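Understanding the architecture of this molecule
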Amino acid sequence: MLSKGWTFKKIDIRATKQSVNHLSKASSCLQYNQIFKELVFGKKAEKLGKWIIEAQALEIDDINSFITEISRDIEAVKNAITYEYNKILAEGSVNKLK
């Protein structure tokens, strides 16, 4: 039963606006995930700062949490994007120690 003053039309409009908002945020999230992927695989560490600023502006909790974590050691993240590292070198060093 609807409360006094509420109609199906008001509920439908509110639900529709909420759905559009959620879809918009999901679309933005996917877009910024794709941009980050291109940034990493394209070895474009210089664009990381701009990506962080733009992604934070979306105010999406999951993206902001990710940004908080990578910002803790941003130089390491930039180096990981910039330089190729082959773990075989580390494996060889570990084996020598054994």
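You'll find the structure just up there.
A brief look at the structure comes next. Every residue gets a number counted from 1 within its own chain, in the order that chain's sequence is written. Owing to the predicted nature of the model, reporting of local features is limited to residues with pLDDT of at least 70; listing and counting of side-chain atom pairs is limited to 80 or more, with chain, interface and lining totals taken over all residues. Each side-chain value is worked out from all heavy atoms of the structure, with water and hydrogens disregarded.

Notes on the overall build of the chain
Broken down by element type, the chain carries five helices and zero strands. Mapped in sequence order, the helices and strands of the chain form the string α-α-α-α-α. Taking all 98 residues of the chain together, the buried fraction comes to 16%. Residues count as neighbours in contact if any of their non-hydrogen atoms are within 4.5 Å of one another. Counting only contacts in the chain whose residues sit at least 6 apart along the sequence, the fraction spanning at least 24 positions is 48%. Here, Shrake-Rupley sampling with a 1.4 Å probe gives the accessible areas, and only protein chains in the shown set may cover a residue. Put simply, the chain shows about 8200 Å² of open surface, and 57% of that area lies on carbon and sulfur atoms. Helix and strand labels come from DSSP, where a helix needs a run of H or I of at least four residues and a strand needs a run of E of at least two; each type is numbered from the N terminus. Think of it in three bands: with a 1.4 Å probe and only protein chains considered, a residue is buried below 20% of the maximum accessible area for its type, exposed above 50%, and partly exposed in between.

Quick word on the side chain of S28
Tracing the sequence through the fold places S28 in helix α1 (residues 8–41). The exposure class assigned to S28 is buried, which follows from its relative accessible area of 17%.

Considering the nonpolar core
The nonpolar core is taken to be a set of buried Ala, Val, Leu, Ile, Met, Phe, Trp, Tyr and Cys residues, with the residues joined through side-chain atoms within 4.5 Å. Within the largest apolar cluster, 15 residues are counted, with the highest numbers of intra-cluster contacts made by L48, W51, I63 and I70. Residues in contact with I63, not counting those within four places in the same chain, are C29, Y32, A55 and L58.

Some details on the pattern of salt bridges
What counts as a salt bridge is simple: a side-chain nitrogen of Lys or Arg found within 4 Å of a carboxyl oxygen of Asp or Glu. Here the structure, examined in full by the defined rule, presents two salt bridges. E54 serves as the salt-bridge partner of K50, at 3.8 Å between the closest nitrogen and oxygen. Taken as a pair, K50 and E54 lie in helix α2 (residues 48–57) at a separation of four residues, close to a single helical turn. Assessed through its relative accessible area of 32%, E54 is described here as partly exposed. Between E69 and R72 there is a salt bridge, with the nearest N and O atoms lying 3.3 Å from each other. Using a relative accessible area of 45% as the deciding quantity, one classes E69 as partly exposed. Here R72 falls in the exposed class, since its relative accessible area comes to 63%.

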